[in-house]
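The primary structure of each chain is shown beneath.
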Amino acid sequence: MSNCAIVGINWGDEGKGRMVDLLTEDFDVVVRFQGGGNAGHTVINRYGKFALHLLPSGIFRPNTVNVLGNGVALDPENLWTEMQEIMNKGINLTPDNLKISDHASLLLPWHRDLDELEEMRLKDKKYGSTKQGIAPFYSDKYQKKTILAGELFYPQQLRAHLSDLLDWKNLTLTKVYGASGYTMEMLDQWIETYCEKIKPYICNTGAFLKDAQSRGKNILFEAQLGSLRDLDYGIYPYTTSSNTTAAYAPIGSGIPSAKITDVIGVVKAYSTCVGEGPFVCEMFGEEAEELRKAGFEFGAKTGRPRRVGPIDIVATRYGVEVQAATEIALTKLDVLSYMEKIPVCTSYILDGKETDEFPFPSALSNAKPVIRYFDGWKCDISNARKWEELPEAAQKYVEYIEKTVGCPITYVSVGPERDSIIIRK
Ligand code: GDP
């Protein structure tokens, strides 16, 4: 029996989806424990190419049970759309292989509106939200102003509860933002069109997980985004609105007694960051354009070009510590094959002094990167399947990251496909 978490070490988009897809073979259950449809895991396998937003990445394995835990932002509309896309490609989704926590809170139709309205109000001070309603959703969850998925089984109480929330939320929509409000008819329609569709999958996932654990099943906890986007440990306020760290996995999954035995931290061989906020190692101009194109760094959900830079050792070491990662999966090493010299951000200069401590968020915008260059390997490494098959320069690059970050790199990914991987253990 093992409890393993797969988490992002940096700003998200590290290639977690690809790693979970690979590793699900060894797990009976895959659980998403936080976040919503605001990011995307890209998975390529024999069924095609998928951008998963809310569904756990184990969904393609016939014998894996997939769970959406109580910690996720459960958007019935987005989830149902995503489920249909997957089902249309011939993948079976049943209450046996997909289970939604009855304790997950529902992202309500107005959360997306509020996200959009607030970003419009902020204009050039905006956070760069994906406008999926995640921040308004989590604010409301902690204000106890949303609905639990299990309430769908109590239609009378549900309507009364929704009607109270509607009165309250219309005040904000109309009086604060001058936008139009919602009606009960609109909510009824929403329940019928989306909530009723996902209802058969809703159950007590806590009980399911407890039972799975007692029967010695292997459970994989899957996170969205990365350490630097964690609400408490990230680059606040440019974080997400939930905890992306492995320590939150048992809480957000419905099995708070679980001990996570292995934490696989996913690190990209270079850095990317979506949206606003400080990004110390950022590259600009042609150099950035070249890397962005080589790694196809455009948002899975929004298509936005991602900001890019060299791997940031300071941020990565911090991210590993925050996640308590026991091993690292280094992805997209193949993308760097075109580079003559490979830049690495080894430390920061802050207030005239060199530091390798990750600074307080407000100090980050004053930090400057110290860049060191490594020899490139200038050849295609995407067919390498063994460590010995990597050129020496690539090995040296990986070993340097491993040493300075202080965590073993047990997987090196050299392509997006399931088998494009070098396992070092
Ligand atoms: P996630 O949210 O952490 O899963 O990240 P993304 O969905 O942004 O995934 C990263 C992208 O890189 C996806 O398009 C993957 O298919 C792709 N990818 C993952 N690993 C590798 C790799 O080792 N090499 C290459 N070339 N692409 C990869």
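Quick notes on the rules
Residues numbered from 1 in each chain as written. Predicted model: local features only at pLDDT ≥ 70, side-chain atom pairs only at ≥ 80, totals over all residues. Heavy atoms only, no water. Axes fitted to C-alpha atoms, helices over the stretch in contact; angles between N-to-C directions. Helix = DSSP H or I, 4+ residues; strand = E, 2+ residues; numbered from the N terminus. Parallel < 35°, antiparallel > 145°, perpendicular 65-115°, else oblique. Left-handed = near helix turned anticlockwise from the far one by under 90°. Contact = heavy atoms within 4.5 Å. Nonpolar A, V, L, I, M, F, W, Y, C, P; charged D, E, K, R; others polar. 1 Å grid on protein atoms, 1.4 Å probe; cavity = no way out; pocket = protein on both sides within 12 Å on 5 of 7 lines; lining within 4 Å. Points joined across faces, edges and corners; volume = space filled by probe spheres on them. Core = buried A, V, L, I, M, F, W, Y, C linked by side-chain atoms within 4.5 Å. Buried < 20%, exposed > 50% of the residue type's maximum accessible area, 1.4 Å probe, protein only. Domains from an automatic or database assignment. Buried area = accessible area lost by both parts, 1.4 Å probe. Salt bridge = Lys/Arg side-chain N within 4 Å of Asp/Glu carboxyl O. Polar contact = N/O pair within 3.5 Å; in protein donor to acceptor, adjacent residues only side chain to side chain. Pairing = 2+ DSSP bridges. Near = heavy atom within 4 Å. Areas by Shrake-Rupley, 256 points an atom, 1.4 Å probe, with all protein chains shown as cover. Sits in = over half its atoms within 2 Å of the grid points.

Engineer: What is the right way to look at the packing of helix α3 (residues 109-122) against helix α4 (residues 134-142) in this model?
Structural biologist: Relative to each other, α3 and α4 sit at 120 degrees, their axes nearing to 7 Å. The angle between α3 and α4 falls in the class oblique. Handedness of the α3/α4 crossing: right-handed. When α3 is examined against α4, the residues W110, H111, L114 and D115 are found in contact with a partner set consisting of I134, A135, P136, F137 and D140. In the contact of α3 with α4, the residues fall into 6 nonpolar, 1 polar and 2 charged.

Engineer: What is the right way to look at the layout of surface pockets in this model?
Structural biologist: Empty space left among the atoms is revealed by rolling a probe the size of a water molecule over them. When its volume is computed, the second largest pocket comes out at roughly 690 Å³. T42, G295, F296, K332 and P416 are the residues nearest the centre of the second largest pocket, which is lined by 35 residues in total. Contributing elements (two or more residues each) for the lining of the second largest pocket: α1 (16-23), β3 (41-45), β4 (48-52) and β11 (219-226). Class assignment of the residues belonging to the lining of the second largest pocket gives a composition of 13 nonpolar, 12 polar and 10 charged.

Engineer: Please clarify how the nonpolar core should be interpreted in this entry.
Structural biologist: Nonpolar side chains in soluble globular proteins tend to end up buried together. The biggest cluster of nonpolar side chains holds 56 residues, and the ones touching the most others in it are F221, L333, L336, L390 and Y397. Take this core: its biggest share by element is 6 residues, from helix α12 (residues 392-405). Both domains that meet at this core, namely domain 1 (3-104 + 202-264) and domain 3 (267-423), each give it at least three residues. When neighbours within four sequence positions are excluded, Y397 is seen to be in contact with A269, I311, L333, L336, I342, V344, F374 and W377. Of all hydrophobic cores here, the second largest spans 41 residues; its members include A104, L117, L166 and C195.

Engineer: Explain the domain arrangement of the protein here, please?
Structural biologist: Quoted interface sizes are often the accessible area lost when the parts come together. Segmentation of the protein into domains returns domain 1 (3-104 + 202-264), domain 2 (105-198) and domain 3 (267-423). Centre-to-centre separation of domain 1 and domain 3, based on C-alpha positions: 24 Å. Counting from both sides, the interface comprises 41 residues of domain 1 and, opposite them, 38 residues of domain 3. When the two sides are added together, the surface that domain 1 and domain 3 hide from each other amounts to roughly 3,200 Å², 59% of it contributed by carbon and sulfur. Interface area lost by domain 1 to domain 3 is led by I9, W11 and R18, which between them contribute 22%. If you look at where domain 1 meets domain 3, you find 2 salt bridges.

Engineer: Please clarify how empty space enclosed by the protein should be interpreted in this entry.
Structural biologist: Taken as a whole and assessed by the stated rule, the structure comprises 1 cavity of 30 Å³ or more. Approximately 40 Å³ is the volume found for the largest cavity. Forming the walls of the largest cavity are W11, I235, P278, F279, V280, D312, Y348, F358 and L364.

Engineer: Explanation requested: the side chain of Q132 in the structure shown.
Structural biologist: Tracing the backbone through its elements, the reader meets Q132 in the loop between α3 and α4. A polar contact is formed between the side chain of Q132 and the side chain of N78, at a distance of 2.9 Å.

Engineer: How should the packing of helix α2 (residues 76-88) against helix α6 (residues 184-198) be read in this particular structure?
Structural biologist: When two helices pack together, you describe them by how their axes are tilted relative to each other and by the distance separating the axes. Their axes nearest at 9 Å, the elements α2 and α6 cross at an angle of 60 degrees. Relative to α6, α2 is oriented oblique. For α2 against α6, the interelement crossing comes out left-handed. Taking contact as the criterion, the partners of P76, E77, L79, W80 and M83 in α2 are, on α6, W190, T193, Y194, C195, K197 and I198. In the contact of α2 with α6, the residues fall into 8 nonpolar, 1 polar and 2 charged.

Engineer: Where do I start with the pairing of β4 in this structure?
Structural biologist: By the bridge criterion, 5 bridges tie β3 to β4 in an arrangement that is antiparallel. Paired with N45 across the strands is G48, a residue of β4.

Engineer: Where do I start with the site of the ligand in this structure?
Structural biologist: Within the structure, the ligand sits among 17 residues, and K16, G17, T42, D334 and S413 are positioned closest to it. Here an oxygen atom of the ligand sits 2.8 Å away from a polar atom, N or O, in the main chain of G15. Interatomic distance of 3.0 Å between a side-chain N/O atom of R306 and an oxygen atom of the ligand. Here the ligand, which alone exposes 590 Å², has 92% of that area covered by the protein. Judged by the proximity of its atoms to the pocket grid, the ligand belongs to the second largest pocket. Only α1 and β3 provide two or more residues apiece to the shell around the ligand. In terms of residue class, the shell around the ligand is made up of 3 nonpolar, 7 polar and 7 charged. Three or more residues apiece are contributed to the shell around the ligand by two domains, here domain 1 (3-104 + 202-264) and domain 3 (267-423).

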